[in-house]
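Descriptive structure summary
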Amino acid sequence: MDKITETAWLDTHRWGVRGFNEGGRSQYNGFQFSPPGDWITAPDWNATPQCGGGFHCLAPHATGGGFFGSQIELVEIDGAEVVVDGNKLKVEKMRRVEHSRAVLTDALRRCGIQILETGYDYHVTGMAVTHGNSAPLAVTIKGGGWLDTYDNSAPGTVTIERGGSLYTYGNSAPGTVTIKGGGSLYTYHNSAPGTVIRD
């Protein structure tokens, strides 16, 4: 399968986005997915609208759940599907696909996820992501909002207000993170904020 470089692919295929650890493993239970381009069927598939019994991802009609893993990838889906908790999709078949950063960015936006780009300030009230080498200047995560940082992204400063959450993955490295009362910070893999201030 060729690398997907045109966002028009998203208009003609069934797809989702999900987190993987290095080598295509699930962070949740270590399940090994097939290499990009190869289909895999969930060995425990069931159509019950609850977690477990299938592969999970976010899609435009089922979004709001989080990502878990050191990287976000685009996946193509096939077979049966069911929405779980209104915020994620459980599918019977899936394959990882090679894609450009532009295609992944468009897919995330179509899922209602805010993409934070280099050189700007942001107020996050829902779900937001930094990926690649993006470096937003300053980010404030409001109550109920959360930010996932991936790859080598490096927001300059992040302020987490009460009820907000920051999840860092991969090699992402926010500069200074200030945690207000009731804010939450979770770090995974090699990610590490430069400085953490608890206010």
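Preceding block: the structure.
Attention here is on the structure that accompanies the text. Being a predicted model, the structure only gives us computed values, none of them experimental.

1. A few points about the overall build of the protein
Of regular secondary structure, the protein possesses two helices and 15 strands. Here the C-alpha radius of gyration of the protein, 17 Å, is about what a compact globule of 199 residues would show, namely 16 Å. Considering only C-alpha atoms, the protein reaches an extent of 50 × 35 × 25 Å along its principal axes. Across the 199 residues that make up the protein, the buried fraction comes to 46%. Looking at the protein alone, contacts between residues at least 24 apart form 43% of all its contacts between residues at least 6 apart. For the protein, the accessible surface area stands at approximately 8900 Å², while carbon and sulfur atoms represent 48% of it. Taking the average place of the 16 positive charges on the side chains of the protein and the average place of its 20 negative ones, the gap between the two points comes to 5 Å.

2. Things to note about the nonpolar core
Val17, Phe67, Leu74, Leu108 and Ile113 are the most contacted members of the largest nonpolar core, which totals 22 residues. With four residues, the single largest contributor to this core is helix 2 (residues 101–110). What Ile113 contacts, discounting residues up to four positions off in sequence, is Leu58, Thr63, Phe67, Leu108, Met127, Ala128 and Val129. Counting residues in each nonpolar core, the second largest holds 13 residues, with Val75, Leu89, Val91 and Met94 among its members.

3. Comments concerning the environment of Thr118
Mapped onto the fold, Thr118 is located in the loop between strand 6 (114–115) and strand 7 (121–124). Those residues in contact with Thr118 that sit more than four places away from it in its chain are Asn133, Ser134, Ala135 and Pro136. Engagement of the side chain of Thr118 in a polar contact is seen with the backbone nitrogen of Ala135, the distance being 2.9 Å.

Calculation rules
Residues numbered from 1 in each chain as written. Predicted model: local features only at pLDDT ≥ 70, side-chain atom pairs only at ≥ 80, totals over all residues. Heavy atoms only, no water. Helix = DSSP H or I, 4+ residues; strand = E, 2+ residues; numbered from the N terminus. Rg over C-alpha atoms; globule rule 2.2 N^0.38 Å. Buried < 20%, exposed > 50% of the residue type's maximum accessible area, 1.4 Å probe, protein only. Contact = heavy atoms within 4.5 Å. Areas by Shrake-Rupley, 256 points an atom, 1.4 Å probe, with all protein chains shown as cover. Lys, Arg positive; Asp, Glu negative; His and termini not counted. Charge placed at Lys NZ, Arg CZ, Asp CG, Glu CD. Core = buried A, V, L, I, M, F, W, Y, C linked by side-chain atoms within 4.5 Å. Polar contact = N/O pair within 3.5 Å; in protein donor to acceptor, adjacent residues only side chain to side chain.

Without other data, these values stay purely geometric and don't point to any function.
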